[in-house]
Amino acid sequence: MKPSLYIVIPLLWAAAAGSVPAQQTVTGRITGIVTDRETGKPLAGCNVVVESTVLGGAADSGGRFTISRLRPGTYAVTAMMIGYRNETKRDVRVTGGGSTEIAFALKPTTLEMPTMVVTASKRQQSIEDTPVSVDVVNREAIESRNVTTLDEVLTNTAGVGIIDGQLDIRGSTGFNWSAGSRVLFMVDGHPMISGETGGISWDAIPVEQIEAVEVVKGAGSALYGSNAMAGMVNVITRDPSDTPVTRFRVSLGYFDEPAYPEWRWTDRFLTTQIADGAVNLGTALSAQSIDLSHSRKAGPVGLLVNVGRKVSDGYHQNGDYSRWNVLAKARIKPASNQTLVISTVYASDDHGDFLQWKSQENALEVPDAELGNRVTNEKTNINATFKHGVSALFAYTLKANFYRVGWHNHFYDNDDYAVTDRAGFEVQTDYIRGAHSITAGSEVIYHQVESPMYGNQRTGDAALYAEDVISVGGTVTVTAGSRFDYHHVEGIGSDRQISPRVGLSARPWRGGSLRLSAGYGFRAPSIAEVFANLTVSGFRVVPNLELREAERAWNFETGLHQGFSFGSGGWLGTVLNPEGMVDLAFFYSRYTNMIDVDLNTDLMAFQFINLNKARNMGAELRVAAALFRGMLSINSGLTCMDPVNLETDKMLNYRSRYRFTGGFSLKLGRVTLAYDYRYASRTEEVVDIFRSDQRVPMHVMDARILYRLGAFQIGFETKNLRNYHYSLRQRSIEPVRQFVLSLRGEI
Amino acid sequence: MKRCACSALLAALLLFACYKGNGLDPVSGGEDRAGIRGHISYTGAWPDSTREVRIAVMKSYPEGISDPDSLLAFMIEALNTGQLFFSDTLTRFIGGQDYECDVEPGEYEWILAAWFPDITLFLTGVKQLGAYSDDPARTHTPVRVMPGSFTEQIDMEADLDRAAGDVIFY
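Residues numbered from 1 in each chain as written. Chains lettered and ligands numbered in written order. Predicted model: local features only at pLDDT ≥ 70, side-chain atom pairs only at ≥ 80, totals over all residues. Heavy atoms only, no water.

Turning our attention to the overall build of chain B. In terms of helices and strands, chain B carries 2 helices and 10 strands. Moving toward the C terminus, one meets the helices and strands of chain B in the order α-β-β-α-β-β-β-β-β-β-β-β. Partitioning the intrachain contacts of chain B with sequence separation of at least 6 by distance along the chain shows that 77% fall at a separation of at least 24. Only carbon and sulfur atoms are counted for the fraction: they give 53% of the accessible area of chain B, which is about 8,400 Å². (Helix = DSSP H or I, 4+ residues; strand = E, 2+ residues; numbered from the N terminus. Contact = heavy atoms within 4.5 Å. Areas by Shrake-Rupley, 256 points an atom, 1.4 Å probe, with all protein chains shown as cover.)

In terms of regular secondary structure, chain A is built from 7 helices and 42 strands. The C-alpha atoms of chain A give 26 Å as radius of gyration, which agrees with the globular expectation for 747 residues (27 Å, within 12%). Dimensions of chain A, computed from C-alpha atoms along their principal axes, come out at roughly 80 × 65 × 50 Å. Counting only residues that meet the buried cut, chain A has 59% of its 747 residues in that class. Within chain A, contacts between residues separated by at least 24 positions form 63% of all contacts whose residues are at least 6 apart in sequence. A total of about 28,200 Å² of accessible surface is found on chain A, and carbon and sulfur atoms cover 57% of it. (Rg over C-alpha atoms; globule rule 2.2 N^0.38 Å. Buried < 20%, exposed > 50% of the residue type's maximum accessible area, 1.4 Å probe, protein only.)

Glancing now at the nonpolar core. Grouped together as the largest cluster of nonpolar side chains are 64 residues, with contacts concentrated most on Leu154(A), Leu167(A), Phe185(A), Val213(A), Val233(A) and Tyr454(A). A per-element tally of this core places strand β15 (residues 210-217) of chain A first, with 5 residues. Among all residues touching Val213(A), those that are not within four sequence positions of it are Asp135(A), Val136(A), Val137(A), Leu150(A), Val153(A), Leu154(A), Val233(A), Asn234(A) and Val235(A). Core analysis: the next-biggest nonpolar cluster, separate from the first, contains 26 residues, Ile55(B), Trp115(B), Met156(B) and Leu160(B) among them. (Core = buried A, V, L, I, M, F, W, Y, C linked by side-chain atoms within 4.5 Å.)

Right, let's talk about empty space enclosed by the protein for a bit. Residues and elements named next belong to chain A. Applying the stated rule across the entire model yields 11 cavities of 30 Å³ or more. Of the pockets and cavities examined, the largest cavity occupies roughly 290 Å³. Taken together, 29 residues make up the lining of the largest cavity; nearest its centre are Ser-226, Asn-227, His-447, Asp-461 and His-487. Elements with a minimum of two residues in the lining of the largest cavity: β25 (436-450), β26 (457-472), β27 (476-489) and α6 (527-531). (1 Å grid on protein atoms, 1.4 Å probe; cavity = no way out; pocket = protein on both sides within 12 Å on 5 of 7 lines; lining within 4 Å. Points joined across faces, edges and corners; volume = space filled by probe spheres on them.)

What follows deals with the side chain of Ser126(A). Mapped onto the fold, Ser126(A) is located in strand β9 (residues 125-126). Excluding its chain neighbours within four sequence positions, the residues that come into contact with Ser126(A) are Thr115(A), Met116(A) and Arg507(A).

All names here are of chain A. Sheet architecture is open: 3 strands sit in the order β4-β1-β7, paired in mixed fashion. This sheet does not close on itself; its edge strands, each paired only once, are β4 (64-70) and β7 (99-106). The sheet shows a mean angle of 20° between the axes of neighbouring strands, taken without regard to direction. Where strand β1 (residues 28-36) and β4 come together, 5 bridges link them in antiparallel fashion. Across the sheet, Gly-28 pairs through a bridge with Leu-70, a residue of β4. (Pairing = 2+ DSSP bridges. Axes fitted to C-alpha atoms, helices over the stretch in contact; angles between N-to-C directions.)

A few words now on unusual backbone geometry. A positive phi angle, close to 60°, is found at Arg731(A), a residue other than glycine. Mapped onto the elements, Arg731(A) comes out in the loop between β41 (712-719) and β42 (738-746). Of note in this structure, Phe93(B) is not a glycine but carries a positive phi near 60°. Locating Phe93(B) in the fold gives a position in the loop between β3 (84-86) and β4 (96-102). When its relative accessible area of 42% is taken as the criterion, Phe93(B) is described as partly exposed.

A few words now on the packing of aromatic side chains. Counted by the stated rule, this structure contains 20 aromatic pairs over all chains. A connected cluster of aromatic rings, assembled from ring pairs, spans Tyr520(A), Trp554(A), Phe556(A) and Tyr588(A). Over the ring of Tyr224(A) we find Lys122(A), and its NZ or CZ is 4.7 Å from the ring centre. Of note, Arg37(B) hangs over the ring of Phe150(B), and the distance from its end group to the ring centre comes to 4.0 Å. (Phe/Tyr/Trp six-rings, centres within 6.5 Å; stacked < 30°, edge-to-face > 60°. Lys NZ or Arg CZ within 6 Å of the ring centre and 35° of its normal.)

All names here are of chain A. A cluster of nonpolar residues, Ile-705, Tyr-707, Leu-709, Phe-712, Ile-714, Phe-716, Leu-741, Leu-743 and Ile-747, forms a patch on the protein surface that exposes about 800 Å² of accessible area. Broken down by secondary-structure element, the contributors of at least two residues to the nonpolar patch are β40 (698-709), β41 and β42. Positionally, Leu-709 belongs in strand β40. (Patch = residues over 30% accessible without salt bridge, like charges linked within 9 Å, V, L, I, M, F, W, Y side chains within 5 Å. Salt bridge = Lys/Arg side-chain N within 4 Å of Asp/Glu carboxyl O.)

We now examine the sheet that holds strand β16 (residues 231-237) of chain A. All names here are of chain A. One open sheet holds the 5 strands; their spatial order is β10-β15-β16-β13-β14, and the pairing between them is mixed. The sheet terminates laterally at β10 (133-138) and β14 (190-191), the two strands that pair on one side only. Bridge count for β15 against β16 is 7 bridges, and the pairing is antiparallel. Pairing of Glu-214 across the sheet is with Asn-234, part of β16.

Moving on to the side chain of Thr35(A). Relative to the helices and strands, Thr35(A) is located in strand β1. Beyond its immediate sequence surroundings of up to four residues, Thr35(A) is in contact with Gly40(A), Lys41(A), Pro42(A), Leu43(A), Phe104(A), Ala105(A) and Leu106(A).

Residue and element names in this part refer to chain A. If you walk through the whole model with that rule in mind, you get 60 salt bridges over all chains. Ionic pairing is found between Arg-622 and Asp-135, a salt bridge with its closest N-O pair at 2.1 Å. Separated by 487 residues along the polypeptide, Arg-622 in strand β34 (residues 605-627) and Asp-135 in strand β10 bring together distant segments of the chain. In the salt-bridge network here, residues are joined through shared partners; they are Asp-135, Arg-170, Lys-217, Arg-515, Glu-557, Asp-583, Glu-620 and Arg-622.

The subject of this paragraph is the pairing of β4(B). All names here are of chain B. With burial as the criterion, only one face of β4 is covered, namely that bearing Gln-97, Tyr-99 and Cys-101; the residues Gly-96, Asp-98, Glu-100 and Asp-102 on the opposite face remain uncovered. Where strand β1 (residues 35-43) and β4 come together, 7 bridges link them in antiparallel fashion. Its bridge partner being in β4, Arg-37 is matched across the sheet by Glu-100.

Successive side chains on a regular strand alternate, one facing one side of the sheet and the next facing the other. Residue and element names in this part refer to chain A. In terms of strand pairing, strand β17 (residues 245-255) meets β42 through 9 bridges, oriented antiparallel. What sits directly across from Leu-252, in β42, is Leu-741. Pairing analysis gives 8 bridges linking β41 to β42, with the strands arranged antiparallel. Opposite Glu-717, over in β42, you have Val-740 as the bridge partner.

Let us now look at the environment of Val235(A). Residue and element names in this part refer to chain A. Within the fold, Val-235 resides in strand β16. With a relative accessible area of 0%, Val-235 lands in the buried category. Sequence separation of Val-235 and Val-54 is 181 residues, and the distance between their C-alpha atoms is 22 Å. Excluding residues that lie within four positions of it along the chain, Val-235 makes contacts with Leu-150, Phe-185, Met-186, Val-187, Asp-188, Ile-205, Ile-210, Ala-212 and Val-213.

What follows deals with the confidence of the model for chain B. Atom-level detail of predicted coordinates should not be read off regions where pLDDT is low. The pLDDT averaged across chain B works out to 80; a share of 76% of its residues lies at or above 70. Between the elements of chain B, mean pLDDT differs from a low of 54, seen in helix α1 (residues 2-17) of chain B, to a high of 95, seen in β1(B). (pLDDT = per-residue confidence, 0-100.)

Residue and element names in this part refer to chain A. Relative to the helices and strands, Gly-96 resides in the loop between β6 (87-94) and β7. Each C-alpha atom of the pair Gly-96 and Val-307 lies 47 Å from the other, and the pair is 211 residues apart in sequence. Filtering out sequence-adjacent residues up to four positions away, Gly-96 remains in contact with Val-26, Thr-27 and Pro-72.

In this section: the environment of Tyr254(A). All names here are of chain A. Mapping Tyr-254 onto the fold places it in strand β17. Owing to a relative accessible area of 12%, Tyr-254 belongs among the buried residues under this scheme. Sequence spacing of Tyr-254 and Val-478 is 224 residues, and the spatial spacing of their C-alpha atoms is 52 Å. Apart from the residues within four sequence positions on either side, Tyr-254 is in contact with Leu-270, Leu-281, Ala-284, Leu-285, Ser-286, Arg-737, Gln-738 and Phe-739.

Written as structure tokens, this is what we have:
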């Protein structure tokens, strides 16, 4: 396929989409207001959708909404918002040229569970209609935790692990020095992964501007292509506000000394200073962050700007960092049925590098030669999304994105650098015909890397996809789709992949849903895996120009989701008043051509090769409940996995067999007490040269107290309450206990 | 209601806090550890090109192997088959220090101080600074390591001037 066709395909698609004529019939509209049933306050941001159409909207700051371009007829309209029960108005009559007024008064729920998701099928759908497991971390959950980077947001999500910045869903990835990601990371539906590795820059997106994070577990290649073979993480950022809002958040944290005197590499730990009677907060090891944002509407344009600054001394040698990030987002409505959103992110980071400890006796120190090793990097991201609702039944979306990552090692033995670009353009169409909701589109992606370590390399991808979500009788949803991907590496060759997916979800009884899916996923070798040529800390990695085969996986999942509520009558209903959900999933994945690093004994160097046949199977149980009219919230997730290399019969490297997350939150007036616990069983296998290293399970407990006063919140948190020392990858200790004070507010 | 909630909170705290397992500690390997311990003393001047020094515990010596590629192959094979163990990196630019090195139980012919130069690959360019011997008339003394225990007082001198020499192993 010629490179020019990469561009021509989606443009033709867009032209075809745009040429679909709008309905000639005189249309009408639905207007209305959404309020809280108990307080009567308007619910800004509430989603209102017209069933069986592509139309919908969000309520403004006054709770009002308008949905235009509706053909005369009778519709069902649903309002939904996290923290409230969905409400549907049926038999809403729309007349040509007329305006129909409706009002929603949503009933609050004590459980802040999401109702709608957008990532699983590239379109808004009820979480109960998705054929795969989806977890959502919403803004309330983020604000209740004192997190400064996005990876911390995900650490309490069932089945999700992050090892040294590398994202793992249900044991799919483990740890491979971030050379290739099996999870696709997106921001507002735009991939934001580096062009060389598919890696994620967790510090680029300010957590204060996150509305929700959707975690889709299982193969997503049928819609998203390479990198989505084990799932997707989609960060949905806040929309600009209609009314001027200024938000801020500051935090100050101090590191506790490690539990063992041998590991106290400095006397700058706060608790060491306290014990010595020589407290100096100016020199104590600390981490500080400040975020400031402003959002307002300027004419027809909604604007949001966030500036963030984070610095840390770190808790180990070479553990310091200095970061800036800026996010800007503009939302424009050129017409009532058109929306243009443009966002940009710039982030810079200068941090010490801790590759491996000096020795286990000096576990928070680096080998002498590596003291002072640093990495600097800059990230720039620009996304644009144009959505056009051509009619009530047809809409198209144009997406363009650009992501540049530039980094530079300043090591004693390595001065490598790279500038990597990833540019993508996508056309997506959504069409509703009877019971069918068809999503189809085309995508082109271009990667370019300039680096002495990789050489100057270019890759291109072109893809076509389509998926039909069929509603059968209102209680059963069938999903069937596929994607064709063409991947070309300049000077190496090409590869083609077809990634089908089928799914079934059903709501056979009240509050319950069943799901079943089978999907094929793949991941093309990253530029780093093919071309990496470097020496760092004495280890040498050489290119493998024969690495052409994508790794592939079949993923199967079946699950049960059951909501429950006992709202009235008796002690159970009136006092305990439980409300919540249970979700149980069984999953099975079979991998071929898994890409892994291996020691090439002829070259005496490491190399990425197509190595393993592997399988992973397991179960995941999630429970969330609110008790005592929402005063006590409990959530937990247990994931049991058995990821096995079928050639050696051993567990895959850096995988835990069990993961558990659990916690609760107790609201007592303005005060909230909260507690989180994370567990991962000991990794049974690691790369050979570190096999004799001591390995322990992960046990992390965080506790916090929050005090809310109007639009302000003061928080005090102890992270890693037990000061438990553990390692997720070899020879690197995870954070010691930390005491963090934070203040956030909104003006 | 608040009493019930507080009771639930306390119960959950107790449940989560009852875990008493140990995390990582400064002493690796747990109760089954075996290895050697001793003191290394340096003589001569530290070359600026020093990346690190480690203790190497070897079951056999790379006798007659002089070219770097063959030596590298020998060491990788020995590492993979449990014939060779390295300690963690030792502190540079000091006069001496206590060390320990975890190994599998067994008999080891050579205990060496291995010097690694800067800007090189792991295991390449390594040179021998000295070897453990309890008899000045002998180049080395074998050491036996018993299961679950450390063989102590494996002291040795390391001659840093050998790092500048041409000889890799002697």
